[in-house]
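Geometric and topological summary
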Amino acid sequence: MAQTIVITGASAGIGRATALAFLGAGWNVGLMARRAGALTEVAAGHGARALVLPGDIADADAVAAAFAQVVARFGRVDVLFNNAGVFPPAGLIDEISLEDWRLALDVNLTGMFLAARAAFGQMRRQAPMGGRIINNGSISAHVPRPGSVTYTATKHAVTGLTKTLSLDGRPFDIACGQIDIGNARTELLEGHLARQKAEDPSLQMPPMIEVGLVADAVLNMARMPLSANVQFMTLMATKMPFIGRG
């Protein structure tokens, strides 16, 4: 019997690549994001195994409805890839608007909380009990980029969410891990770098990895038995300046 995963932010970038990898591996996939048209493109050709779930990850009712549809179609939730995120415009803290701060909190933190809450609730009540939650953290959960106070603060909070879910999930056979990605070639990162390049034309583009490598890593994490867990994985471009000092 095919296993079922819910992927948030599934319309583009890492979410899209991961959805296609899981569909290719024979999983049932619930695809959640705001853009219904883009989700339909991801689902094309995969029949009933791909369930399009248009909705705002920061909307509690939309998240609850999406998980209800997944359970109605597939019967259970085995894995959540908690992936949706935004990177608001960079700047020093006194240049950051309250609207951008709230956007980062709504999507990167509240959205992850809502999806994890729905998945956790389903996993501990289904039979057989249990499942896995994989949170998309970031290298920023360890070291920030300059001018990234909104994004970095939320990604540090995601690490706390991961640790707490790992602890609270033990009695219910719910494993929780986190993948911290450095410089995957996505629309999100390239948009951020383009804005920085516009401000400083001398800026050199950093080393990057392709999103397919991230999708493969998430699939490997998801395939593990619930008796084992990748608590934290760091996947990054080899030559990016993460380790070292000046």
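Definitions and limits used
Residues numbered from 1 in each chain as written. Predicted model: local features only at pLDDT ≥ 70, side-chain atom pairs only at ≥ 80, totals over all residues. Heavy atoms only, no water. Helix = DSSP H or I, 4+ residues; strand = E, 2+ residues; numbered from the N terminus. Rg over C-alpha atoms; globule rule 2.2 N^0.38 Å. Buried < 20%, exposed > 50% of the residue type's maximum accessible area, 1.4 Å probe, protein only. Areas by Shrake-Rupley, 256 points an atom, 1.4 Å probe, with all protein chains shown as cover. Lys, Arg positive; Asp, Glu negative; His and termini not counted. Charge placed at Lys NZ, Arg CZ, Asp CG, Glu CD. Pairing = 2+ DSSP bridges. Axes fitted to C-alpha atoms, helices over the stretch in contact; angles between N-to-C directions. Contact = heavy atoms within 4.5 Å. 1 Å grid on protein atoms, 1.4 Å probe; cavity = no way out; pocket = protein on both sides within 12 Å on 5 of 7 lines; lining within 4 Å. Points joined across faces, edges and corners; volume = space filled by probe spheres on them. Nonpolar A, V, L, I, M, F, W, Y, C, P; charged D, E, K, R; others polar.

Secondary structure assignment for the protein chain yields seven helices and seven strands. Helices and strands appear in the protein chain in the N-to-C order β-α-β-α-β-α-β-α-β-α-β-α-α-β. Here the C-alpha atoms of the protein chain give a radius of gyration of 18 Å, agreeing with the 18 Å that 2.2 N^0.38 yields for 246 residues. Taken along the three principal axes of its C-alpha coordinates, the protein chain extends 55 × 35 × 35 Å. Going through the 246 residues of the protein chain one by one, you find that 50% of them count as buried. Carbon together with sulfur atoms contributes 57% to the accessible area of the protein chain, which is approximately 11500 Å² in total. Averaging the locations of the 21 positively and 19 negatively charged side chains of the protein chain gives two centres separated by 8 Å.

All right, on to the sheet that holds strand 6 (residues 174-182) then. Across the sheet, which stays open at both edges, the seven strands sit in the order 3-2-1-4-5-6-7 with parallel pairing between neighbours. The open sheet has two free edges, formed respectively by strand 3 (50-54) and strand 7 (232-236), since each of these has just one partner strand. Looking at each pair of strands side by side, their axes are set apart by 15° on average, direction ignored. Here strand 4 (residues 79-82) runs beside strand 5 (residues 131-136); their pairing, made up of four bridges, is parallel. Note on strand 5: the bridge partner recorded for N82 is N135. Running at roughly 160° to strand 6, helix 5 (residues 149-169) makes contact with strand 5, strand 6 and strand 7 of the sheet. Against the sheet, helix 7 (residues 211-223) engages strand 4, strand 5, strand 6 and strand 7, with an angle of about 165° to strand 6.

With that out of the way, let us pick up the layout of surface pockets. Using a probe with the size of a water molecule, rolled over the atoms, empty space left in the structure can be pinpointed. Estimated volume of the second largest pocket: approximately 160 Å³. Lining of the second largest pocket is provided by K163, S166, L167, G169, R170, D173, I174, A175, C176, L226, N229 and Q231. At the level of elements, helix 5 and strand 6 are the ones that each hand at least two residues to the lining of the second largest pocket. Among the elements that line the lining of the second largest pocket, the one with the most residues is helix 5, at four residues. Across the lining of the second largest pocket, the residue classes break down as five nonpolar, four polar and three charged.

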